[in-house]
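Secondary and tertiary structure notes
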Amino acid sequence: MFRQPKVSKIYCDQTNLELGFIGKTEAIIATIAKHKQEVASLASEMAGQSDGSGIENSQILLEILNKIHDIAEQGGVYCSCGNTDVDVDVLVDAVELSCPQCEGRLLISAKDEQALARLSAMEVLEIAPLRRTSRK
Ligand SMILES: [Zn+2]
């Protein structure tokens, strides 16, 4: 029995413009879009450095974020507990999706071209609830 995702009214902090009613999926997309900008500016910063290390990685990370963005737009990012309010964390060589409701996590590698190819073949990203093998 799944509840309908809640709809929230979002205001832009900077311009105070009403962006309208958006659902959880849009919230994920907005979060990813924000991360994409950060990664893109990071990538261009690194491109200006002499050794050039890390550029390739951040480009793959950017592609990975693009792909997750696409999947989220199709409503394909959710947790198997029924929650669609998914948190997005961008790490150095991975993107972590997590569910605040059941603490489920999905780590998407952004290490190399293979990781990107694997993600490209996916249509949904379903977070699995954290399995506890032992109780503390
Ligand atoms: Zn969950």
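Above this text you will find the structure in question.
Structural notes, computed from the coordinates. (Residues numbered from 1 in each chain as written. Predicted model: local features only at pLDDT ≥ 70, side-chain atom pairs only at ≥ 80, totals over all residues. Heavy atoms only, no water.)

**Considering the pairing of strand 4 (residues 87–90)**
- Pairing geometry for strand 4 and strand 5 (residues 94–98), over four bridges, is antiparallel. Opposite Val88, over in strand 5, you have Leu97 as the bridge partner.
- If you look at the hairpin formed by strand 4 and strand 5, you'll find three residues sitting between the two strands. (Pairing = 2+ DSSP bridges. Helix = DSSP H or I, 4+ residues; strand = E, 2+ residues; numbered from the N terminus.)

**Brief notes about the layout of surface pockets**
- Reported here for the second largest pocket is a volume of approximately 160 Å³.
- In terms of lining, the second largest pocket is formed by 12 residues, of which the most central are Leu42, Ser58, Leu61, Leu91 and Val92.
- Secondary-structure elements contributing two or more residues to the lining of the second largest pocket are helix 1 (24–47) and helix 2 (55–73).
- If you tally residues by element for the lining of the second largest pocket, the top one is helix 1, at five residues. (1 Å grid on protein atoms, 1.4 Å probe; cavity = no way out; pocket = protein on both sides within 12 Å on 5 of 7 lines; lining within 4 Å. Points joined across faces, edges and corners; volume = space filled by probe spheres on them.)

**Describing the sheet that holds strand 6 (residues 105–109)**
- Read across the sheet, three strands follow the order 4-5-6 without closing on themselves; strand pairing throughout is antiparallel. Edge positions in the open sheet fall to strand 4 and strand 6, since each of these has one partner strand only. On average, each strand axis in the sheet is inclined to that of its neighbour by 20 degrees, with strand direction left out of account.
- Pairing geometry for strand 5 and strand 6, over five bridges, is antiparallel. Note that in strand 6 the partner of Glu96 across the bridge is Leu107. (Axes fitted to C-alpha atoms, helices over the stretch in contact; angles between N-to-C directions.)

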